[in-house]
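# Per-entry structural report
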Amino acid sequence: MFALLRQLNAGGTLGVTSTIVAVALSVMRIVVMWLWCVVGGNGVTQNIGIEVLLVILGYASLACVFVALYSRFSHHGKQALSYSNISSLFVGFAVAILLVLVASSVAPASFEHGRPTTLGTVVSVHVIILLLHTLLAGVSWWIVTVAIANKRQGTHTKIRVLTTIVLLLWLCTMIQEVGIVVAVIEVILLVVASVYVLILLRNPVWVQSFTVDKKIRLLWQACFALFASVVFCATMASEPTSMLVTSAELLMKGGATLPMHVGVLSIVAFVRLTIAIIAALPNAAVVDRKRDEVQSLAALTRQISQATTLESILNTVTVYASTVTKAHGAWCVLRNGSQTTITSPYLLPLTYIERMYHQLLAADVFVANGNEITVIDAMQDHQPLLAEQSIVQSAVIVPFNVPSKSKNTQGMLVVVSSVPFGFEAEDVRLLQAFADTLSVATEQEYLHKAAIEHERVQKEVDVAMHMQRALLPKEETSRQVNGITIPAAQVGGDYFDVFRFADGTTGVIIADVAGKGVAAGLYMATLKGVVLAHAEHSVGPGQLLQRINQTLLGVLERHVYVSMTCLNISHSNSRVTIARAGHTPILVLGSTTEVLTPPGMAVGIAKPAVFADSLTEVAIEIGATTCIVLCTDGATEQRNSRLEELGASALFQQLAQWYSQCNHPRPKDVVTQTLNIVRTHGQGVPPHDDVTIVAVVVDPKQLDQL
Amino acid sequence: MEACTVTSTITDNVALVHVVGYLDAQTAQTLEDQLRGLVEQRSLWLIVDFEHLDYISSAGLGVFMMFIEDVRSHGHDILLTSMKPAVYSVFDLLGFFVLFSYFPTTEAALNSLLPTLPR
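## What about the overall build of chain A?
When helices and strands are tallied, chain A shows 22 helices and 17 strands. Looking at chain A alone, contacts between residues at least 24 apart form 70% of all its contacts between residues at least 6 apart.

In structure tokens, the structure reads:
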């Protein structure tokens, strides 16, 4: 039946149509009764045909009323049990019942042996009875679908069960004359229906979710509805000749009993609801508080996630903290080292807060940089003088962390009240939750900014790395010279180059700026310019290094120096001149193996005269093909997992051994082999300094190949 | 990461600084802070004892470069002593011994200062 109704209701016009039909049927019934009883002067039960016609018309109009109610209220089952829904149900029911009672008492009532004698009476009877049934059926329906069965399964089943019991009750009232058994069954059914209503209303948890004031209002409204139900039932029971009862009986046989039974059930329901509301009152404050806490925390989190600056986050926090704890003022204190800032005042002027804060601090009431929550329940106990001077009588101070680039800023959320013991344990706990949320939010904000900053720096370093690579000679510069630089970080302080001296001879230079990373990399870039500028005016490695030292001495920072080795290959490839400025020893692989460490101090540490005195050029005559290996200390100091250094002598020894087995390897092969030895020793341990290796092969049989 | 500890004792106007462990770019700051404290406090002779230093990097050497001029401008000096061969060779290769005086023991360094110290 419900499925059929739902289908019919799909169009949305079922309610209107059935209402019109109900009214039309009632009008027809009024006309029939007027003609038969008033004009004809007959009793209703005198003619079985008329009686059946009136019964059919009455039942049909009631059925239409029920269908109209269904189409109006069937969607209410899906509505939330909001305060306004429940409240309108209670008040609406009470007011409507009382209106029906008033209407029935003032309506024209002219009967003669149960027969209406005027048209006015006939109309009144029908209006009252239709109103009554509409009201009772509508209210019953609403109670079941909205208040009882909301958002639960089996709503329709519950309605059917209740409807069936009520219909059985009605049937019993119609056949009361059969005997005492029916009367007993009727009482039993009424009890069953009441119990069923109680079962349906066994756990009205929704009552608990309302605020205290709404619960109290709801209690009054439930009492009002209960009062109306009681008055209604009492009227129906005590005055069998009243207009209300007579009207109901004129509609159908036993028509007065059904509304009374529904009235009894509504009394049961309202008593139960009243008890439920009363029972929910004692813990109402706790429920209110919890709800406020959850709502404020959720709102705070939402606001914070939308806030862009620390100040706006703090403003939000002080507002919420003050509102939820019903405090009389709040502010935040940020301490970074010795600097203290008071910010985000709420409800109190900043100047007043500053004065008061310093008074509190001076009075040693709380520790300004503590990590613990401070609760001052009664200022009177701590500092009577302060308590008299300021409005602050109790306060809670909660610390929180604000991460920043330099140092973590310590923050404090201060919430004050103008009454002693203004904060409960729950308030303190909530403020702690606020501070935790704040710490997390500021941490997230900081990490977000730090990530952006890191990305920016990384991009700059990438640019520096590419620029530095461009400063080094291209691979395979010549068949005579090959080199490689592997920075320990993205940017390194090592440098090597191949160039021409003033006389057009080939020069090779390797340099290691003290330190590593971006700072060393910047010096390395400077170095390139200095080397190339001086090279074309210098006639030998010794002179070049002296000039470089002269230029860089005043330029480099005090603690920065550069170790270098420079060599010069003569036109005929028969002579190589080498000068070493504090650099790693030089390996010469030819007919014999030689490690050269000519005297010389690093560039940038001594005045030109001292530097020149310390520097000694060495020259080696090239008879057969010779390979000269230059490297930085990053290669010789490569360590393995046991922190053992490779060492220059071990590196040179292994390289010499390999070289003796090769037949004049190319410079690239020498570089690769050197790197292999370094890496083999390292066993996967990354180099802790920049590694640069340069190999120069000098063959007197071949002329300058650069 | 290896650690570096720096301790110092001052007798008359001679500060004896013991550098222990592993002196690289990360740990050089410790030495720098300690030496800065000594140099800025008052003018002193500095004797740096390397007996228990296992490694020194270019950044570690740079620290001595940082203060040598200040110390010498007050008529004092930085004396380096008791180096392990590995540490010695680093100083030697860079030609630092042209700039800094080296003594095999701290006693020898102190003895060299005796004529200059107030009686």
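Moving on, there is more to tell.
## Description of the overall build of chain B
Helix and strand counts for chain B come out as 4 helices and 6 strands. Starting at the N terminus, the α and β elements of chain B follow one another as β-β-α-β-β-α-β-α-β-α. When the 119 residues of chain B are sorted by exposure, 52% land in the buried category. Taking the contacts inside chain B whose residues are at least 6 apart along the sequence as the reference set, 69% of them involve residues at least 24 apart. When the accessible surface of chain B is summed, it comes to about 5,400 Å², and 54% of that surface belongs to carbon and sulfur atoms.

## Focus: the sheet that holds strand β13 (residues 586-589) of chain A
All names here are of chain A. Across the sheet, which stays open at both edges, the 5 strands sit in the order β8-β17-β16-β13-β14 with antiparallel pairing between neighbours. The sheet is open, and its two borders are formed by β8 (481-486) and β14 (593-596), each paired with just one other strand. Sheet twist, expressed as the average angle between the axes of neighbouring strands with direction ignored, equals 15°. Direction of pairing for β8 relative to strand β17 (residues 691-698): antiparallel, over a ladder of 6 bridges.

## A word on the sheet that holds strand β7 (residues 409-417) of chain A
Residues and elements named next belong to chain A. Overall, antiparallel pairing links the 5 strands, which are arranged β4-β3-β7-β6-β5 in an open sheet. With partners counted over all chains shown, the strands left at the sheet margins are β4 (339-346) and β5 (374-376), one partner each. Ignoring strand direction, the axes of neighbouring strands in this sheet form an average angle of 20°. Packed onto the sheet, helix α12 (residues 310-324) meets β3 (329-336), β4, β6 (394-402) and β7 and runs at close to 55° relative to β4. Along the sheet, helix α16 (residues 425-471) contacts β5, β6 and β7; its crossing angle with β6, the most-contacted strand, is approximately 20°.

## Observations concerning the interface of chain A and chain B
Counting residues at the interface gives 23 residues for chain A and 17 residues for chain B. Roughly 1,700 Å² is buried in total at the junction of chain A and chain B, and carbon and sulfur atoms are behind 57% of that figure. Linking chain A with chain B are 1 salt bridge, by the criterion used here. A:Arg558 is paired through a salt bridge with B:Asp70; the nearest N and O atoms lie 3.3 Å apart. Here chain A and chain B share 8 residue pairs in polar contact (both at pLDDT 80 or more) between them. By residue class, the composition of the side of chain A that touches chain B is 9 nonpolar, 9 polar and 5 charged.

## Let's talk about the packing of aromatic side chains
One pass over the structure, following the stated rule, counts 16 aromatic pairs over all chains. Consider the rings of B:Phe64 and B:Phe91, whose centres lie 6.3 Å apart with planes at 55°: the pair is tilted. Taken together, the positions of B:Phe64 in helix α2 (residues 58-73) and B:Phe91 in helix α3 (residues 85-93) put the pair 27 residues apart, joining distant regions of the chain. Residue classification places B:Phe64 among the buried residues on the basis of a relative accessible area of 0%. What makes B:Phe91 buried here is its relative accessible area of 0%. By way of ring pairs, the aromatic residues A:Tyr561, B:Phe50, B:Phe64, B:Tyr88, B:Phe91, B:Phe96, B:Phe97, B:Phe100 and B:Tyr102 are connected into one cluster. Against the face of B:Tyr55 rests A:Arg639, its NZ or CZ located 5.9 Å from the ring centre.

## Examining unusual backbone geometry
Residues other than glycine seldom take positive phi values, yet A:Gln683 does so here, at roughly 50°. The residue A:Gln683 is located in the loop between α22 (667-682) and β17 in this model.

## Some points on a nonpolar patch on the surface
Residue and element names in this part refer to chain A. On the surface, a nonpolar cluster with roughly 810 Å² of combined accessible area is contributed by Val23, Val27, Val31, Trp34, Leu35, Val39, Leu119, Val123, Val127 and Leu131. Of all the elements in the fold, those that place two or more residues in the nonpolar patch are α2 (14-39) and α5 (119-148). Of all the elements, α2 adds the most residues to the nonpolar patch, at 6 residues. Of note, Leu131 is situated in helix α5.

## So, the nonpolar core
Counting 88 residues, the largest nonpolar core has A:Ile548, B:Phe64 and B:Phe91 as the members making the most contacts within it. No other element matches α2(B), which puts 8 residues into this core. Beyond its immediate stretch of four places on either side in the chain, B:Phe91 contacts B:Phe50, B:Ile56, B:Leu61, B:Phe64, B:Leu80, B:Met83, B:Phe96 and B:Phe97. In this structure, A:Tyr83, A:Val139, A:Ala193 and A:Val207 belong to the second largest nonpolar core, which totals 78 residues.

## A few points about the environment of A:Thr340
Residue and element names in this part refer to chain A. Tracing the chain through its elements places Thr340 in strand β4. In this view, Thr340 contacts Val333, Leu334, Arg335 and Tyr357; residues no more than four positions away in its chain are not counted. Polar contacts involving the side chain of Thr340 include one to the side chain of Arg335, which spans 3.3 Å.

## What about the pattern of salt bridges?
Residue and element names in this part refer to chain A. Counted by the stated rule, this structure contains 14 salt bridges over all chains. Here Glu621 ties to Arg575 by a salt bridge, and the two come within 2.5 Å at their closest N and O atoms. Separated by 46 residues along the polypeptide, Glu621 in strand β15 (residues 618-621) and Arg575 in strand β12 (residues 575-581) bring together distant segments of the chain. The network of salt bridges with common partners includes Glu293, Glu426 and Arg429.

## Observations concerning the confidence of the model for chain B
For chain B, per-residue confidence averages 88 on the pLDDT scale, and residues scoring 70 or more make up 97% of the total. We note a pTM of 0.55 for the whole complex and an ipTM of 0.90 for its interfaces.

## With respect to the side chain of A:Thr318
All names here are of chain A. Its location among the elements puts Thr318 in helix α12. Of the residues examined, Thr318 reaches a relative accessible area of 1% and is grouped as buried. Reaching out from Thr318, the side chain makes a polar contact with the backbone oxygen of Asn315 at a distance of 2.9 Å. Ignoring anything within four residues of it in the chain, the contact list for Thr318 reads Ala330, Trp331, Cys332, Ser344, Tyr346 and Leu413.

Conventions we followed
Residues numbered from 1 in each chain as written. Chains lettered and ligands numbered in written order. Predicted model: local features only at pLDDT ≥ 70, side-chain atom pairs only at ≥ 80, totals over all residues. Heavy atoms only, no water. Helix = DSSP H or I, 4+ residues; strand = E, 2+ residues; numbered from the N terminus. Contact = heavy atoms within 4.5 Å. Buried < 20%, exposed > 50% of the residue type's maximum accessible area, 1.4 Å probe, protein only. Areas by Shrake-Rupley, 256 points an atom, 1.4 Å probe, with all protein chains shown as cover. Pairing = 2+ DSSP bridges. Axes fitted to C-alpha atoms, helices over the stretch in contact; angles between N-to-C directions. Buried area = accessible area lost by both parts, 1.4 Å probe. Salt bridge = Lys/Arg side-chain N within 4 Å of Asp/Glu carboxyl O. Polar contact = N/O pair within 3.5 Å; in protein donor to acceptor, adjacent residues only side chain to side chain. Nonpolar A, V, L, I, M, F, W, Y, C, P; charged D, E, K, R; others polar. Phe/Tyr/Trp six-rings, centres within 6.5 Å; stacked < 30°, edge-to-face > 60°. Lys NZ or Arg CZ within 6 Å of the ring centre and 35° of its normal. Patch = residues over 30% accessible without salt bridge, like charges linked within 9 Å, V, L, I, M, F, W, Y side chains within 5 Å. Core = buried A, V, L, I, M, F, W, Y, C linked by side-chain atoms within 4.5 Å. pLDDT = per-residue confidence, 0-100.

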